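# Descriptive analysis of the structure
Now for the letters of each chain:
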Amino acid sequence: MMAASLTGMTVPSWASHLENKLAPPPLLLVQAFVDTLDLDLGTDVLAHADEGPAWLAEAGLRVPEEPGAAADLQLARDVRESLRAMIARDAQGSPLTAAELRPLEQVTSRARPRLEVTADGQVGLRTGPVAQGLADGLAGLLLIIRDAQADGSWDRLKLCGNPDCRWAFYDRSHSRRGAWCEMASCGNRLKNRSLRARRAQSAEAAGSAAG
Ligand SMILES: [Zn+2]
């Protein structure tokens with residue numbers, strides 16, 4: 001199922017929860033995966049026994065018939081927080097902790113990526129077209145990140161500056177200094193901003209009254 005976005009770009013169903021600031025594919029899949037958790041609304045697709053496996057299957061990360069869905073959802077949620085830490089790291093520069101690296105090591109030790117030479121002579125590293133197990137699917141996300149790190153697009157994937165939001169968004173600005181997701185659900189930031197605006201206005205009013 002495909003749905004048209006506001007910009008006219010066709011968005012896959014697994015990314016339909018992203019309103020704006022979408023990363024270009026295939027990095028879009030990493031963004032959509034990280035944003036399956038909406039901290040501001042308190043909703044988590046991967047916390048649901050039905051919705052979670054359905055989303056992972058739609059995104060091609062997991063075969064629906066695969067047993068062990070509960071353990072897989074736990075791994076997916078752990079890896080999601082590791083990826084969020086990886087995205088945040090670009091801004092903060094602090095090293096990833098052992099706890100943040102552990103879920104990623106679970107993935108890399110279980111996954112079975114393979115070398116592939118395409119007809120045009122390009123050497124690549126791929127998991128299967130549809131992942132056999134979740135570890136393969138999540139390893140596919142790591143390969144997407146690796147390519148994005150090589151072409152520089154990874155640096156444009158950021159976390160919203162609202163500490164209650166931390167939504168992953170893609171910064172297309174020329175300055176690369178975008179700081180906010182600008183999702184409708186990013187309410188606290190908007191409230192804070194309007195509060196700041198009101199304060200500035202009243203300060204200005206007080207200033208002109210004094211002058
Ligand atoms: Zn936000």
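What counts as what
Residues numbered from 1 in each chain as written. Predicted model: local features only at pLDDT ≥ 70, side-chain atom pairs only at ≥ 80, totals over all residues. Heavy atoms only, no water. Helix = DSSP H or I, 4+ residues; strand = E, 2+ residues; numbered from the N terminus. Buried < 20%, exposed > 50% of the residue type's maximum accessible area, 1.4 Å probe, protein only. Contact = heavy atoms within 4.5 Å. Axes fitted to C-alpha atoms, helices over the stretch in contact; angles between N-to-C directions. Parallel < 35°, antiparallel > 145°, perpendicular 65-115°, else oblique. Nonpolar A, V, L, I, M, F, W, Y, C, P; charged D, E, K, R; others polar. Core = buried A, V, L, I, M, F, W, Y, C linked by side-chain atoms within 4.5 Å. Arc of directions from axis to C-beta. Donors = N, O, S within 2.8 Å, 3.2 Å for Na, K, Ca; no water. Tetrahedral: all angles 85-135°; square planar, octahedral: opposite > 155°, others 65-115°.

On a plain count of helices and strands, the protein comes out with six helices and eight strands. Helices (α) and strands (β) of the protein occur, in sequence order from the N terminus, as β-β-α-β-β-α-α-α-β-β-α-β-β-α. The proportion of buried residues among the 211 residues of the protein is 40%. Put simply, of all contacts in the protein between residues at least 6 apart along the chain, 51% involve residues at least 24 apart.

Helix packing for two helices is described by the angle between their axes and how far apart those axes are. One can describe the packing of helix α4 (residues 98–110) onto helix α5 (residues 134–151) by two numbers: an axis separation of 8 Å at closest approach and a directional angle of 110°. Comparing their axes, α5 and α4 come out roughly perpendicular. Residues Leu-104, Val-107, Thr-108 and Arg-110 of α4 form the contact with α5, whose participating residues are Ala-135, Leu-138, Ala-139 and Leu-142. Residue composition of the contact of α4 with α5, by class: six nonpolar, one polar and one charged.

Counting residues in hydrophobic clusters, the biggest one holds 49 residues, and the most contacted among them are Leu-27, Val-30, Phe-33, Trp-55, Leu-83, Leu-141 and Trp-154. Those elements giving two or more residues to this core turn out to be α1 (27–34), α2 (51–58), α3 (69–92), α4, α5, β7 (157–159) and β8 (168–170). In this structure, Leu-141 is in contact with Leu-29, Val-30, Phe-33, Leu-61 and Leu-83, ignoring residues within four places of it in sequence.

Now for unusual backbone geometry. The peptide bond linking Pro-25 to Pro-26 adopts the cis configuration, its omega dihedral lying at 5°. Checked against the element boundaries, Pro-26 lands in the loop between β2 (10–12) and α1. A positive phi angle, near 60°, is found at Glu-182, a position not held by glycine. Inspection of the secondary structure puts Glu-182 in the loop between β8 and α6 (187–210).

It is worth spelling out α1 at this point. With eight of its eight residues buried, α1 lies for the most part within the structure. Inspection of α1 places Leu-27, Leu-28, Leu-29, Val-30, Gln-31, Ala-32, Phe-33 and Val-34 among the buried residues, and these make up the whole buried set.

All right, on to α2 then. Listed in full, the buried residues belonging to α2 are Gly-52, Pro-53, Trp-55 and Leu-56. Viewed end-on, α2 has its buried residues packed into an arc of 160°, placing them on one side of the element. A positive phi of about 75° marks Gly-60, the residue just after α2.

A separate point is the coordination of the zinc ion. The coordination sphere of the zinc ion contains the protein donors Cys-160 (SG), Cys-165 (SG), Cys-181 (SG) and Cys-186 (SG), at a distance range of 2.3 to 2.4 Å. Around the zinc ion sit four donor atoms, and with donor-metal-donor angles ranging over 105 to 116° the site reads as tetrahedral. All donors of the zinc ion belong to a single chain; written as a sequence motif, their spacing is C-x4-C-x15-C-x4-C. Of this pair, Cys-160 sits in the loop between β7 and β8 while Cys-186 sits in the loop between β8 and α6, placing them 26 residues apart in sequence. The same class applies to Cys-160 as to Cys-186, namely buried.

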